[in-house]
There are 2 protein chains.
Amino acid sequence: MAAAAPPPPPSEVPEMPELAPPSSRRPLFARVRLAAPSDVPHIRRMIHQMAVFERLADHCTATEASLSSTLFNSPPFQSFTVLLLEVSHLPFAPLPPPQNPTAVPAFAPIVHTINLDLPIEDPETQIFASGAEGSGAVVAGFVLFFPNYSTFLAKPGFYVEDLFVRECYRRKGLGRMLLTAVASQAARMGYGRVEWVVLDWNVNAIKFYEEMGAKILQDWRICRLTGEALSAFANIDY
Amino acid sequence: MAAAAPPPPPSEVPEMPELAPPSSRRPLFARVRLAAPSDVPHIRRMIHQMAVFERLADHCTATEASLSSTLFNSPPFQSFTVLLLEVSHLPFAPLPPPQNPTAVPAFAPIVHTINLDLPIEDPETQIFASGAEGSGAVVAGFVLFFPNYSTFLAKPGFYVEDLFVRECYRRKGLGRMLLTAVASQAARMGYGRVEWVVLDWNVNAIKFYEEMGAKILQDWRICRLTGEALSAFANIDY
């Protein structure tokens, strides 16, 4: 804030730039689609960015090879599933038909248009380029989720392990677009729940989730057995 | 307690029964095996008992039909998986060979013998009878778990949704036997984590889990979107 500067005399007050009317705002096209094995390099880069953001880069050992060997081994929604968020200043061309047209259940890409007041400066358009050359599309985020199960409901649900939007695309409703894609898929499949976790000090995120209709379970704590403590069980039957 | 009865005169003090030496204690044979569709009635009864114990019976809508239609749709460990705990005062007969011998990965039943100082009074041996008539085996508990995924590790893990031991069989190491079966299976499969949740006030459970080598994640809270709030997303793409 330039609070120390005296106000200019009335004649010199510059005209405040008005917000551009909707018709002249820059449209940003956003698309959520199923990720494919060819997207793994983008996914790995975003996982690494997420680890850096969470100051957990030392804990991130994911490689393209390890992701490729553990994802895409089951039809979508039956196991680990990645939805990719792409953005473009040009309308998206239709996706090519799936290589295996019998794959069910299908996921129709979700496309939404955001009207930007200001252009977005993306310093990584090259490495996150997606689709055909000249399409202008870049990968902007992803959500990874998989089925979980409620014994009380005797129904599957989805657990959202990661939701990530690249920094320059945040605060534009794109995270909500990804999470909504998972929730609407769960609802369409008749599933009972969508769950994820949030850090207890992240009040903005908690507020956002509560506004979506989620409840925050305050009394439960996650227990994790990992690393050497888990390996020690390899040869134990009891 | 017959606290009102006066103590007998010294000459009539009965000899205190000594703890039986190990060789004469009653053995209780415990077995952990993969559940089969024919176990669903037992599983449903235990889910209901668990709901009553947690004072959440109103939230429990699981039926035999809903469990049968959502479990056992995938090979073991690839999706929702139930391990069943059986106990018997007689040694277990070997299990019949699997109906589908090509099913992989196999799970070799785990058998352990517990020496009881006192016999267990099980008021429900009839309804929880398991296996051939006269085998003496009863179902005493179960664990339901399914794969989860860590993007940082780029590895699957297991998430334990429910761990239950019927009341008269508690405090004998049987819960540990079930959880250890899941952890050792995860370790043998090269998985990265086993996770579950615990209520934050359940200090005995937390101590037990920490002694197993688990860490309690204090900062994370579970977010849950369910019921009408989830159904509202059925027709929303954004």
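- Looking at an unreviewed UniProt entry, chain A carries the name Probable acetyltransferase NATA1-like, with the source organism given as Rhodamnia argentea.

Considering the interface of chain A and chain B
Line of reasoning, step 1. Taken together, the contacts link 73 residues of chain A with 73 residues of chain B.
Line of reasoning, step 2. Carbon and sulfur atoms supply 63% of the area that chain A and chain B bury against each other, a total of about 7200 Å² over both sides.
Line of reasoning, step 3. Between Arg224(B) and Glu195(A) there is a salt bridge, with the nearest N and O atoms lying 2.5 Å from each other.
Line of reasoning, step 4. Applying the counting criterion to the chain A and chain B interface returns 30 residue pairs in polar contact (both at pLDDT 80 or more).
Line of reasoning, step 5. Residues of the side of chain A that touches chain B, tallied by class, amount to 43 nonpolar, 17 polar and 13 charged.

Some remarks on the pattern of salt bridges
Line of reasoning, step 1. Going through the model one piece at a time under the given rule, you end up with 18 salt bridges over all chains.
Line of reasoning, step 2. A salt bridge links Glu86(A) to Arg33(A); its shortest N-O distance comes to 3.1 Å. Taken together, the positions of Glu86(A) in strand S2 (residues 81–88) and Arg33(A) in strand S1 (residues 26–34) put the pair 53 residues apart, joining distant regions of the chain.
Line of reasoning, step 3. As a salt-bridge pair, Asp122(B) and Arg166(B) come within 2.5 Å of each other at their nearest N and O atoms. Placement of Asp122(B) in the loop between strand S3 (110–116) and strand S4 (138–150) and of Arg166(B) in the loop between strand S5 (155–165) and helix H3 (174–188) is noted, with a sequence separation of 44 residues between them. Arg166(B) carries the same exposure label as Asp122(B), and that label is buried.

Details of the packing of aromatic side chains
Residue and element names in this part refer to chain A.
Line of reasoning, step 1. Under the criterion given, the structure shown has 22 aromatic pairs over all chains.
Line of reasoning, step 2. Judged by centre distance (6.0 Å) and plane angle (55 degrees), the ring pair of phenylalanine 77 and phenylalanine 107 falls under tilted. Separated by 30 residues along the polypeptide, phenylalanine 77 in the loop between helix H2 (64–70) and S2 and phenylalanine 107 in the loop between S2 and strand S3 (110–116) bring together distant segments of the chain. The exposure classification of phenylalanine 77 matches that of phenylalanine 107, with both residues buried.
Line of reasoning, step 3. With a centroid separation of 6.1 Å and 35 degrees between ring planes, the pair formed by phenylalanine 77 and phenylalanine 145 is classed as tilted. Placement of phenylalanine 77 in the loop between H2 and S2 and of phenylalanine 145 in strand S4 (residues 138–150) is noted, with a sequence separation of 68 residues between them. With respect to class, phenylalanine 77 is no different from phenylalanine 145; both count as buried.

The rules we used
Residues numbered from 1 in each chain as written. Chains lettered and ligands numbered in written order. Predicted model: local features only at pLDDT ≥ 70, side-chain atom pairs only at ≥ 80, totals over all residues. Heavy atoms only, no water. Contact = heavy atoms within 4.5 Å. Buried area = accessible area lost by both parts, 1.4 Å probe. Salt bridge = Lys/Arg side-chain N within 4 Å of Asp/Glu carboxyl O. Polar contact = N/O pair within 3.5 Å; in protein donor to acceptor, adjacent residues only side chain to side chain. Nonpolar A, V, L, I, M, F, W, Y, C, P; charged D, E, K, R; others polar. Helix = DSSP H or I, 4+ residues; strand = E, 2+ residues; numbered from the N terminus. Buried < 20%, exposed > 50% of the residue type's maximum accessible area, 1.4 Å probe, protein only. Phe/Tyr/Trp six-rings, centres within 6.5 Å; stacked < 30°, edge-to-face > 60°.

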